[in-house]
Structures are given as C-alpha cells and as structure tokens.
Amino acid sequence: MSAPDDPGPDEGRAVAGRLVYDPNFATVSEAEFNELMAIMRDGAGAKPPTPEGQWRRDYHKAMFNRRLVGVQPDLFGASR
C-alpha cells in the first residue's frame, strides 16, 4: 500500500507516488491497485522497435546530428 507522503521513485516522478488505496471506493483489490501503481511509476515494458522503426530512429538521429554540425554555441556568454 502506498503511503500518502511517499513521493515514489525519483522524488515524485509521477502521480502514482501520491495515490493511496482507499477501500471505501476502490473497484479493484489492493494487490491489483499496487500493481497498477507500479506500472504507472515504472512504465510499461517497451517493445523492441521493428526494423523499419529502428531505421527511422537512426535516420532521424543522423539528420539531427547533420543539422547540429553548423551550430556554434556562444563562447562568451553574451545575450542576444
């Protein structure tokens, strides 16, 4: 059971850290509630990308890096 002051992982990363099981209006068991809260906190397991999805990810990363080549950060901290 979650405690009301439990911030969850990473200092309150999600709303799930603040939710508390209340049997007065619960529609699921406490065990199911805790399992659902764990999924909300940690996220569902990600499926590996398909070959097409991996190609798209690599392509977008390459295009981002290609556009980034011409960027020069301000070396002296001046505001524009």
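Residues numbered from 1 in each chain as written. Predicted model: local features only at pLDDT ≥ 70, side-chain atom pairs only at ≥ 80, totals over all residues. Heavy atoms only, no water.

Participant: How should I be thinking about helix H2 (residues 30-42) in this particular structure?
Facilitator: Owing to its 3.6 residues per turn, the α-helix aligns residues three or four sequence positions apart on the same side. In this model, H2 (13 residues) spans 18 Å end to end at C-alpha, consistent with the 18 Å of a helix rising 1.5 Å per residue. Among the residues of H2, Phe33, Met37 and Arg41 are the ones counted as buried. When H2 is viewed along its axis, its buried side chains cluster within an angular range of 70° and face the same direction. Residues of H2 that are exposed and angled more than 90 degrees away from the buried face: Ala31, Glu35 and Asp42. A positive backbone phi angle near 85° is found at Gly43, which sits one or two residues after H2. (Helix = DSSP H or I, 4+ residues; strand = E, 2+ residues; numbered from the N terminus. Expected span 1.5 Å × (residues − 1). Buried < 20%, exposed > 50% of the residue type's maximum accessible area, 1.4 Å probe, protein only. Arc of directions from axis to C-beta.)

Participant: Help me out: how do you make sense of the confidence of the model for the chain in this one?
Facilitator: Parts of the prediction with low pLDDT should not have their coordinates interpreted in detail. When pLDDT is averaged across the chain, the result is 75; 70% of the residues are at 70 or more. In the model of the chain, helix H1 (residues 9-12) stands out as the element of lowest mean pLDDT, 49, in contrast to helix H3 (residues 51-68), which has the highest, 90. (pLDDT = per-residue confidence, 0-100.)

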